[in-house]
Amino acid sequence: MRVDSKTFVYQSIEHTNGPFFTDRRSLEAVRDRIVADIRATVADADADGVVVAMSGGIDSTLTTALAVEAVGSDNVLGLGLPCHMTEQAHVSDAHTIAEGMGIDFEEIQLRPLLEVFDETVASDLEPEIEADDRPNERNHEIGNATARLRMLTAYYAANRQSRIVLGTANRSEWLLGYFTKYGDGAADAYPLGDCYKTEVRALAKHIGLPRRIVSKEPTAGFWATQTDADELGARYDVIDPLLYRLVEEGRSLEDVVAELQIDRDTAEEIASLHADTEHKRATPPTPGIAGRGGDERLEGSDALE
Ligand SMILES: NC(=O)c1ccc[n+]([C@@H]2O[C@H](COP(=O)([O-])OP(=O)(O)OC[C@H]3O[C@@H](n4cnc5c(N)ncnc54)[C@H](O)[C@@H]3O)[C@@H](O)[C@H]2O)c1
Ligand SMILES: Nc1ncnc2c1ncn2[C@@H]1O[C@H](COP(=O)(O)O)[C@@H](O)[C@H]1O
Ligand SMILES: O=P(O)(O)OP(=O)(O)O
């Protein structure tokens with residue numbers, strides 16, 4: 001039976017380790033809830049299974065492992081989608097793990113597709129500004145394009161095989177908008193979407209994922225030295241307690257900075273990332289003509305209301 005309230009886990013488990021579910025009993029309940037939710041989502045969609053893009057990182061490995069528990073190894077397709085040399089070793093990890101789980105795994109090189117995109121599309125859309133003035137920005141934009149090529153590939157597989165696409169975003173990434181809009185931010189369900197990265201790590205350890213995977217440095221992989229911590233300005237063990245207090249508890253920045261004794265500038269940066277990426281978590285607005293959908297900012301300003 002499907003439990004409708006997404007907050008079920010939060011209401012029914014006592015916290016024994018700060019605000020996060022990291023003790024065995026809570027983690028078992030979180031695991032059961034996620035597995036049941038994947039199973040129900042696949043059944044509701046009348047789908048034949050799921051597709052997961054597997055990078056060899058902790059989020060996608062955990063998502064895949066829980067999907068196997070939910071719908072069985074025959075119904076999970078893993079996709080390794082490397083585009084840069086630096087990703088190859090991680091995708092090999094994904095392949096090894098997929099074999100161990102007994103799921104189908106396809107490795108598809110996206111480099112040729114990206115090169116064609118770069119030559120035929122990107123080169124015609126270069127801004128006037130010198131690329132050298134913004135050294136990381138092109139990496140950034142090409143990185144986002146790569147994430148969208150992965151999305152294209154995952155949805156093609158889902159269309160062809162009557163599956164749904166499982167996204168791998170966790171709550172920390174979601175609240176920070178730390179994903180590519182309509183790239184890895186596009187999916188039919190986010191099994192880990194209610195779990196902070198701290199909880200993802202604890203759950204991955206709890207279910208016995210290899211230490212090599214659990215201890216990898218989180219990265220979007222857009223360029224060789226990129227890490228989440230560098231780009232976000234803090235590690236998840238700093239970010240998560242801060243986000244939790246701001247978002248879940250609705251407390252003020254001053255209050256939280258004082259309690260956690262963290263650097264105020266860092267805290268402000270994190271809070272701004274959350275606020276500035278609201279558009280990534282929202283359904284795109286329409287003008288709101290005659291009360292059909294719409295955007296609250298425009299309420300009262302339209303004679304067609
Ligand atoms: N999980 C990961 O580790 C992971 C994966 C992929 C990307 N990332 C990171 O996520 C970030 C993605 O880059 P991004 O956020 O610049 O690109 P994006 O394409 O995800 O979002 C920017 C786009 O959103 C739209 N937009 C911007 N402001 C808006 C607003 N106020 N209202 C409506 N639409 C708006 C515009 O179309 C803009 O081009 C990068 O920092 C990247 O490293 C992380
Ligand atoms: N090389 C990859 N192969 C398959 N899937 C990938 C690859 N790199 C990223 N992904 C998918 O995108 C999300 C987010 O990626 P980050 O590495 O966290 O940026 C990842 O979980 C995979 O589903
Ligand atoms: O999304 P993944 O699996 O690539 O994990 P991480 O974000 O920790 O690199």
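Below is a short write-up of the structure. Not measured: the values here are computed from a predicted model.

**Things to note about helix α2 (residues 24-44)**
(1) Moving on: Its 21 residues give α2 an end-to-end C-alpha distance of 30 Å, which sits within 8% of 30 Å, the value for a rise of 1.5 Å per residue.
(2) Moving on: Following α2 by one or two positions, D46 adopts a phi angle in the positive range, close to 55°.

**Regarding the site of ligand 1**
(1) Moving on: Inspection of the region around ligand 1 gives 17 residues, with R148, K181, Q226, E231 and K280 positioned closest.
(2) Moving on: The separation between an oxygen atom of ligand 1 and a polar side-chain atom of R148 is 2.7 Å.
(3) Moving on: Contacts to ligand 1 include E173, whose side-chain N or O atom sits 3.0 Å from a nitrogen atom.
(4) Moving on: About the coverage of ligand 1: the protein hides 60% of its 870 Å² of free accessible area.
(5) Moving on: For the shell around ligand 1, the secondary structure elements donating two or more residues are α6 (135-161), α10 (228-232) and α14 (278-281).
(6) Moving on: Looking at the shell around ligand 1 element by element, the count peaks at three residues for α6.
(7) Moving on: Its residues assigned to classes, the shell around ligand 1 comprises four nonpolar, six polar and seven charged.

**A look at the nonpolar core**
(1) Moving on: L62 and L66 are the most contacted members of the largest nonpolar core, which has 40 residues in total.
(2) Moving on: Of all elements in the fold, only α2, β1 (49-53), α3 (58-71), α4 (88-101), α8 (197-206) and α9 (211-214) reach the threshold of two or more residues within this core.
(3) Moving on: A per-element tally of this core places α3 first, with eight residues.
(4) Moving on: Apart from residues lying up to four places away in sequence, L66 is in contact with R31, I34, V35, I38, L192, L203 and I207.

**A short note on the site of ligand 2**
(1) Moving on: Residues in contact with ligand 2 amount to 15 residues; listed here are only the nearest, A53, L81, T168, T219 and A220.
(2) Moving on: The separation between a nitrogen atom of ligand 2 and a polar main-chain atom of M54 is 3.4 Å.
(3) Moving on: T168 places a side-chain nitrogen or oxygen 2.6 Å from an oxygen atom of ligand 2.
(4) Moving on: Contact with the protein chains covers 87% of the free accessible surface of ligand 2, which is 470 Å².

**Looking at the packing of aromatic side chains**
(1) Moving on: Across all of its chains, the model carries five aromatic pairs by this definition.
(2) Moving on: Members of the aromatic cluster, joined through ring pairs, are F20, Y196 and Y244.
(3) Moving on: Seen from the ring of F179, K280 lies directly overhead, with NZ or CZ sitting 5.1 Å from the centre.

**A short note on the pattern of salt bridges**
Between side chains of opposite charge, a pair can form when the charged atoms approach closely.
(1) Moving on: One pass over the full model with this rule turns up 16 salt bridges.
(2) Moving on: Two residues, R235 and E217, come together in a salt bridge whose shortest N-O distance is 3.5 Å. Of this pair, R235 sits in the loop between α10 and α11 (236-248) while E217 sits in the loop between α9 and α10, and the two are 18 residues apart along the sequence.
(3) Moving on: By relative accessible area, R235 is classed as partly exposed at 43%.
(4) Moving on: What makes E217 partly exposed here is its relative accessible area of 37%.
(5) Moving on: When the shortest N-O distance is used, the salt bridge between E259 and R251 registers 2.7 Å.
(6) Moving on: On the basis of relative accessible area, R251 is assigned to the partly exposed category, the value being 26%.
(7) Moving on: One network of salt bridges, with partners in common, ties together R245, E249, R251, D255 and E259.

Parameters at a glance
Residues numbered from 1 in each chain as written. Chains lettered and ligands numbered in written order. Predicted model: local features only at pLDDT ≥ 70, side-chain atom pairs only at ≥ 80, totals over all residues. Heavy atoms only, no water. Helix = DSSP H or I, 4+ residues; strand = E, 2+ residues; numbered from the N terminus. Expected span 1.5 Å × (residues − 1). Near = heavy atom within 4 Å. Polar contact = N/O pair within 3.5 Å; in protein donor to acceptor, adjacent residues only side chain to side chain. Areas by Shrake-Rupley, 256 points an atom, 1.4 Å probe, with all protein chains shown as cover. Nonpolar A, V, L, I, M, F, W, Y, C, P; charged D, E, K, R; others polar. Core = buried A, V, L, I, M, F, W, Y, C linked by side-chain atoms within 4.5 Å. Buried < 20%, exposed > 50% of the residue type's maximum accessible area, 1.4 Å probe, protein only. Contact = heavy atoms within 4.5 Å. Phe/Tyr/Trp six-rings, centres within 6.5 Å; stacked < 30°, edge-to-face > 60°. Lys NZ or Arg CZ within 6 Å of the ring centre and 35° of its normal. Salt bridge = Lys/Arg side-chain N within 4 Å of Asp/Glu carboxyl O.

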